[in-house]
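Architecture at a glance
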Amino acid sequence: MRAPKGTSDLLPDQQSDRERVAHAAQRILEGAGYRRIETPTFEATELFARGVGESTDIVQKEMFTFDDGGGRSMTLRPEGTAPVCRAYMEHGMHKLAQPVKLWYLSSFYRAEKPQAGRFRQFWQVGAEAIGSDDPAVDAESIVLLQTLLDDLGSEGVRLRLGSLGTAETRERYREHLIAYLRANEEWLPKDVVDRIDLNPLRAFDSDEAAPVMEGAPKLLDELSPDDAEHFAEVRRLLDAVDLEYEIDPTLVRGLDYYTRTVFEFTSDALGAQSGVGGGGRYDGLVEMLGGKPTPGIGWAAGVERILLAAGERPTAEAPVDIFVAYAHPALRADAFQLVYDARREGMSAQMELAGRSLKGQRKQADRLRARWLVVLDDAVVLKSLETGQEITAPESVVARIRREDQL
Ligand code: HAM
């Protein structure tokens, strides 16, 4: 039997990389006032249908949806923003000081066609700031993702930035774009034509439609004065910290909830799936989910892609303080007790568990790169595997190691 297509086991050697991402995210995000949240693995399907949007690929064909046994439709979370907004509403977080800043590191599920860097179960680290429309929140959010990617050594990272305006701006623009697409229908691929009314903006995502889209009206040129000022301020703040970005007037993200600022980080170190992380503002999402109008902004980055973009790293084995070897089975209980005492003292300790000869046990201690080897025989011998020093019959092995370590 194998793991299902598009999923993979995370083996012990891969854990230290994962932990590096988790520690960096915690340090960087909590240092900026974000607090960790974990929402359930599955939610009511309606949350994503409403939140992510009926016309998106995610909702149309990528959700793992099932009946919960009681006739209710549930879906394995394909993304984290809608669930975090649901939690914000459910727990009355609007009563807290705004914006409420939350981060997560969780697994997500999309029934996509698996390929390099694209999985059906993957991990995202994400950050959401809900309750403020200040452009400084946008700039701070973007800078934090850049800081995280830098910290983790992602290579060839580029930032693209755009603005989609408010819902009203988009509606007006949508009509202009639909008119343009209809007028050029004969040069567009069928899947784009089929979605002209449903989601005309997605035409910018199609490589085949690219020649036609070059001449299409651009949303950035049609922003309202408020939206344009908001976008200008975001850029001013990014400029103030010398963060490099490219303005991309065709940046469309695959989720419907975005308003105003949108951004995407790509890495040249990745293949076709070059998006390392992305996000944007979603000022209408909480209301769409039945709450009061509440602005919000955030991003998510794929953990597997961050690691791919950072290249191979040697895995560091956890150090072992003590390995306890024993000469014959009658000493097993003594070895067991010694390991127990050492662990209670906060040391990492292992004992022989596979019936090896004393010589085999010494080799095993070397293999584990133990700092101390304790051999229980007629006498108790403590040996430093770092210096070769041997100490015979110490009164308490654990106390003696503590003392030696302090010297
Ligand atoms: P997204 O762009 O759909 O945004 O996903 C964010 C990141 O998750 C991508 O840039 C990519 O690194 C990773 N990712 C997505 N799908 C897969 C996959 N099938 N396999 C591996 N990695 C993948 C969102 O999910 C939004 N919720 C981001 C956001 C937060 N916007 C506002 N707040």
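Residues numbered from 1 in each chain as written. Predicted model: local features only at pLDDT ≥ 70, side-chain atom pairs only at ≥ 80, totals over all residues. Heavy atoms only, no water.

**Side note on the site of the ligand**
Looking at the ligand, there are 26 residues lining it, with Glu-79, Glu-112, Phe-119, Glu-128 and Tyr-258 nearest. In this structure, Gly-277 approaches the ligand through a main-chain N or O atom, which is 3.4 Å from an oxygen atom. A distance of 3.3 Å is found between a nitrogen atom of the ligand and a backbone nitrogen or oxygen belonging to Trp-299. Out of a free accessible area of 660 Å², the ligand has 95% covered by protein chains. Counting residues per element, the shell around the ligand draws most heavily on strand S10 (residues 275-281), at six residues. (Near = heavy atom within 4 Å. Polar contact = N/O pair within 3.5 Å; in protein donor to acceptor, adjacent residues only side chain to side chain. Areas by Shrake-Rupley, 256 points an atom, 1.4 Å probe, with all protein chains shown as cover. Helix = DSSP H or I, 4+ residues; strand = E, 2+ residues; numbered from the N terminus.)

**Topic: the sheet that holds strand S13 (residues 349-351)**
Taken together, the five strands give an open sheet; going across it, the order is S13-S12-S14-S15-S16, and neighbouring strands pair in mixed fashion. The open sheet terminates on both sides in strands that have one partner only, identified here as S13 and strand S16 (390-392). Between one strand and the next, the sheet's axes are offset by a mean angle of 20 degrees, whatever the strand orientation. Relative to strand S15 (residues 380-384), strand S14 (residues 370-376) runs antiparallel, the two sharing five bridges. Across the sheet, residue Val-375 finds its bridge partner in S15, namely Val-381. (Pairing = 2+ DSSP bridges. Axes fitted to C-alpha atoms, helices over the stretch in contact; angles between N-to-C directions.)

**Section: the nonpolar core**
Counting 47 residues, the largest nonpolar core has Leu-177, Phe-204 and Met-213 as its most contacted members. Per-element tally for this core: the top contributor is helix H4 (residues 81-90), with five residues. If we ignore the near neighbours within four places in the chain, the residues touching Leu-177 are Pro-200, Leu-201, Phe-204, Met-213, Ala-216 and Pro-217. Leu-29, Leu-148, Phe-263 and Val-303 belong to the second-largest nonpolar core, a separate cluster that totals 38 residues. (Core = buried A, V, L, I, M, F, W, Y, C linked by side-chain atoms within 4.5 Å. Buried < 20%, exposed > 50% of the residue type's maximum accessible area, 1.4 Å probe, protein only. Contact = heavy atoms within 4.5 Å.)

**Details of the packing of helix H1 (residues 15-30) against helix H5 (residues 135-151)**
Running from N to C, H1 and H5 point in directions that differ by 145 degrees, and their axes come no closer than 10 Å. Where H1 crosses over H5, the handedness of that crossing is right-handed. Facing Ala-24, Ala-25, Arg-27, Ile-28 and Leu-29 of H1, the residues of H5 in contact are Leu-144, Thr-147, Leu-148 and Asp-151. For the contact of H1 with H5, the residue count by class is six nonpolar, one polar and two charged. (Left-handed = near helix turned anticlockwise from the far one by under 90°. Nonpolar A, V, L, I, M, F, W, Y, C, P; charged D, E, K, R; others polar.)

**Describing the sheet that holds strand S7 (residues 157-163)**
Here eight strands make up an open sheet; going across it, the order is S1-S5-S6-S11-S10-S9-S7-S8 and the pairing mixed. A strand with exactly one partner marks an edge of an open sheet, and here the two such strands are strand S1 (35-36) and strand S8 (246-247). Bridge analysis of S10 against strand S11 (residues 296-302) gives five bridges, and the strand direction is antiparallel. Within S11, the residue paired with Gly-280 across the bridge is Gly-298. Lying on the sheet, H1 is in contact with S1, strand S5 (100-109), strand S6 (121-130) and S11; it crosses S5 at an angle near 160 degrees.

**Quick word on the environment of Glu-171**
Examined against the element boundaries, Glu-171 turns out to sit in helix H6 (residues 167-183). Separated by 132 residues in sequence, Glu-171 and Val-303 place their C-alpha atoms 34 Å apart.

**Side note on the packing of aromatic side chains**
The tally for this structure, following the rule as stated, stands at six aromatic pairs. When the centroid spacing of 6.4 Å and the interplanar angle of 85 degrees are considered together, the rings of Phe-263 and Phe-265 count as edge-to-face. Taken individually, Phe-263 and Phe-265 each receive the classification buried, so the pair is uniform in this respect. A network of ring pairs unites the aromatic residues Tyr-104, Phe-108 and Phe-122 as a single cluster. The residue whose ring lies beneath Arg-235 is Phe-231, and the NZ or CZ to ring-centre distance is 4.7 Å. (Phe/Tyr/Trp six-rings, centres within 6.5 Å; stacked < 30°, edge-to-face > 60°. Lys NZ or Arg CZ within 6 Å of the ring centre and 35° of its normal.)

**Overview of the domain arrangement of the protein chain**
Interface size, as often reported, equals the accessible area lost upon joining of the parts. What the domain assignment reports for the protein chain is domain 1 (12-166 + 224-310) and domain 2 (322-406). Centre-to-centre, using C-alpha coordinates, domain 1 lies 49 Å away from domain 2. (Domains from an automatic or database assignment.)

**Focus: the UniProt feature "binding site: L-histidine" (unreviewed entry) in the protein chain**
The positions that UniProt labels "binding site: L-histidine" (unreviewed entry) are, in the present scheme, Glu-79, Gly-80, Thr-81, Arg-110, Gln-124, Glu-128, Arg-253, Tyr-257 and Tyr-258. With respect to the helices and strands, the residue Glu-128 is situated in strand S6. Within the structure, the side chain of Glu-128 is placed 3.0 Å from the side chain of Thr-81, a separation counted as a polar contact. Along the polypeptide, Tyr-258 turns up in the loop between S8 and strand S9 (259-267). (UniProt positions renumbered as here; feature names shortened; annotations may be inferred.)

**As for the pattern of salt bridges**
Once their charged atoms are close, side chains differing in charge can pair, the charge on each being opposite to the other. Taken as a whole and assessed by the stated rule, the structure comprises 32 salt bridges. A salt bridge links Asp-17 to Arg-20; its shortest N-O distance comes to 3.4 Å. Of the two residues, Asp-17 and Arg-20 both sit in helix H1, three residues apart, roughly one turn of that helix. Accessibility expressed as a relative area gives 25% for Arg-20, which makes it partly exposed. Residues Asp-57 and Arg-195 are paired through a salt bridge, measuring 3.1 Å at the closest nitrogen-oxygen approach. Of this pair, Asp-57 sits in helix H3 (residues 57-61) while Arg-195 is found in the loop between helix H7 (190-194) and helix H8 (210-213), placing the two residues 138 residues apart along the sequence. (Salt bridge = Lys/Arg side-chain N within 4 Å of Asp/Glu carboxyl O.)

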